[in-house]
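Structural overview for review
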Amino acid sequence: MKIYLDAMGGDNAPRATVEGALEALSLHPEIEIELAGPLDQVTPVVDEAFAAAPAGVRERLTLTDCPEVITNCESPVMAVRKKKASAIVDGMLKLRDGQVDAFVSAGSTGAVLAGGMFRLGRIQGIDRPALAPLLPNGKDFFLLIDCGANVDCRPEYLHQFATMGKAYMQGMRSIENPRIGLVNNGAEAEKGCALTKETYELLSNDKSLNFVGNIEAREITHDAADVIVCDGFVGNVILKFMEGVADTLMGIIKKEIYSDFKSKIGGLLAKPAFKRVKKTMDYHEVGGAPLLGVRGCVIKAHGSCNAHAVACAVKQAIQMVSSDVVGKIEQGLVCAEAFEAAE
């Protein structure tokens, strides 16, 4: 299995991506990584990081010269059209042509979306690809789809998100019949705006989905559903709010533990538990958000990811390829079309 990794993606590139590639190659002997970026910047970091690598690891790393870098300050569509020598464009084309099995980048979200749409292509039957991160719910993880790829949505888009989310959770989390929930401002079917009301009807009429109804914001992290469906604007607000709350809570806990002697003693005893909680809430452990709906395995890692997060994103890509998530999405769409035809 060959994974294409954008060397210049993210705030900590290329150091984080190079060290993440080393960690991933060391943990997964079955893979190869194609690391792409400006070789004059990437090669010295690779030589340093891989100097003490175990035998055989460096041989599974291929460097590709992609001198152009797409930044967050550029128009994503124009950049993907003009910068053909960038890792995002080169990687999407190689994934399309079957030269690699998956693409991973922590670079510009807009460019990854544009590259997926215009260079890789959409799955037949999908109008809008969606970003779908796994987030903690106290019991395990739920899939939030969409988290920012599509700010303006139609009911049929959200219906497709539900189908894709079901396929992802079946393949990646081994949940046979994932519960599908729709974000709304009330649990009743008649609540919400025109978008959520029409989407509710579509989801409830699709018997191939285990639709559990509307989910209020306070229930999202209470294991109310395995797949949480919403438009990209709402999803991005939920995602950023959860990240902010997690950081704030950890900061408050740390402050209170150091506030007096007794709290320090209690904190010392509870330190292992706090570490487990922090690991559960840490987005670095998840790796990234898959771009579902395109014709290939694409993982968008967090822009501020460290080396371990890059390695986790590569692991996520490996699991996505092995589980044939793209094939399951295509199969789910066929089933949905058959149901609509029968109706």
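Refer to the structure above for everything that follows.
A brief look at the structure comes next. What you are looking at is a predicted structure, and each value in this text was computed from that prediction instead of being measured.

1. Structural notes on the overall build of the chain
Of regular secondary structure, the chain possesses 12 helices and 12 strands. The C-alpha radius of gyration computed for the chain amounts to 21 Å, which stays within 12% of the reference 20 Å derived for 343 residues, consistent with globular compactness. Considering only C-alpha atoms, the chain reaches an extent of 60 × 60 × 35 Å along its principal axes. Expressed as a percentage of its 343 residues, the buried residues of the chain come to 48%. Partitioning the contacts of the chain with sequence separation of at least 6, the portion at a separation of at least 24 is 73%. If you sum the accessible surface of the chain, you get close to 16100 Å²; carbon and sulfur atoms cover 53% of it. Here the chain contributes 36 positively and 44 negatively charged side chains, and the mean placements of these two sets differ by 4 Å.

2. Structural notes on the sheet that holds strand S3 (residues 61-65)
With respect to topology, 7 strands assemble into an open sheet ordered S3-S2-S1-S4-S12-S11-S5, the strand pairing being mixed. Where the open sheet ends on each side, the last strands, each with one partner, are S3 and strand S5 (130-131). In this structure, strand S11 (residues 288-292) lies alongside strand S12 (residues 297-301), joined through 3 bridges in antiparallel fashion. For Gly 288, the partnering residue across the bridge sits in S12 and is Ala 301. Sheet strands touched by helix H2 (residues 39-49): strand S2 (32-37) and S3. Its angle to S3, the strand with the most contacts, is close to 160 degrees. Seen against the sheet, helix H11 (residues 307-322) touches strand S1 (2-6), S2, strand S4 (102-105), S11 and S12 and runs at an angle of roughly 160 degrees to S12.

3. Description of the side chain of Arg 60
On the secondary structure map, Arg 60 appears in the loop between H2 and S3. When neighbours within four sequence positions are excluded, Arg 60 is seen to be in contact with Leu 25, His 28, Pro 29, Ile 31, Glu 32 and Ile 33.

4. Here we look at the environment of Ile 299
Note that Ile 299 resides in strand S12. Overall, the relative accessible area of 0% leaves Ile 299 in the buried class. Taking C-alpha positions, Ile 299 is 16 Å from Phe 161, a pair spaced 138 residues apart along the chain. With near-sequence residues (within four places) excluded, Ile 299 lies in contact with Phe 103, Val 104, Ser 105, Gly 288, Ala 289, Pro 290, Ala 313, Gln 316, Ala 317 and Met 320.

5. Focus on the side chain of Ser 105
Among the structural elements, Ser 105 can be located in strand S4. A distance of 2.8 Å separates the side chain of Ser 105 from the side chain of Asp 6, its partner in a polar contact. With residues near it in sequence (within four places) discarded, Ser 105 still touches Asp 6, Gly 9, Ile 88, Val 112, Ile 299, Lys 300 and Ala 301.

6. So, the packing of aromatic side chains
Taken as a whole, this structure holds 2 aromatic pairs when the rule is applied. Between Tyr 4 and Phe 103, the ring centres sit 5.8 Å apart and the planes meet at 25 degrees, which makes this aromatic pair stacked. Placement of Tyr 4 in strand S1 and of Phe 103 in strand S4 is noted, with a sequence separation of 99 residues between them. Comparing Tyr 4 with Phe 103, the two get one shared label, buried. Seen in terms of ring centroids, Tyr 200 and Phe 211 are 5.1 Å apart; in terms of plane orientation they differ by 75 degrees. Their pairing is edge-to-face.

About the thresholds
- Residues numbered from 1 in each chain as written.
- Predicted model: local features only at pLDDT ≥ 70, side-chain atom pairs only at ≥ 80, totals over all residues.
- Heavy atoms only, no water.
- Helix = DSSP H or I, 4+ residues; strand = E, 2+ residues; numbered from the N terminus.
- Rg over C-alpha atoms; globule rule 2.2 N^0.38 Å.
- Buried < 20%, exposed > 50% of the residue type's maximum accessible area, 1.4 Å probe, protein only.
- Contact = heavy atoms within 4.5 Å.
- Areas by Shrake-Rupley, 256 points an atom, 1.4 Å probe, with all protein chains shown as cover.
- Lys, Arg positive; Asp, Glu negative; His and termini not counted.
- Charge placed at Lys NZ, Arg CZ, Asp CG, Glu CD.
- Pairing = 2+ DSSP bridges.
- Axes fitted to C-alpha atoms, helices over the stretch in contact; angles between N-to-C directions.
- Polar contact = N/O pair within 3.5 Å; in protein donor to acceptor, adjacent residues only side chain to side chain.
- Phe/Tyr/Trp six-rings, centres within 6.5 Å; stacked < 30°, edge-to-face > 60°.

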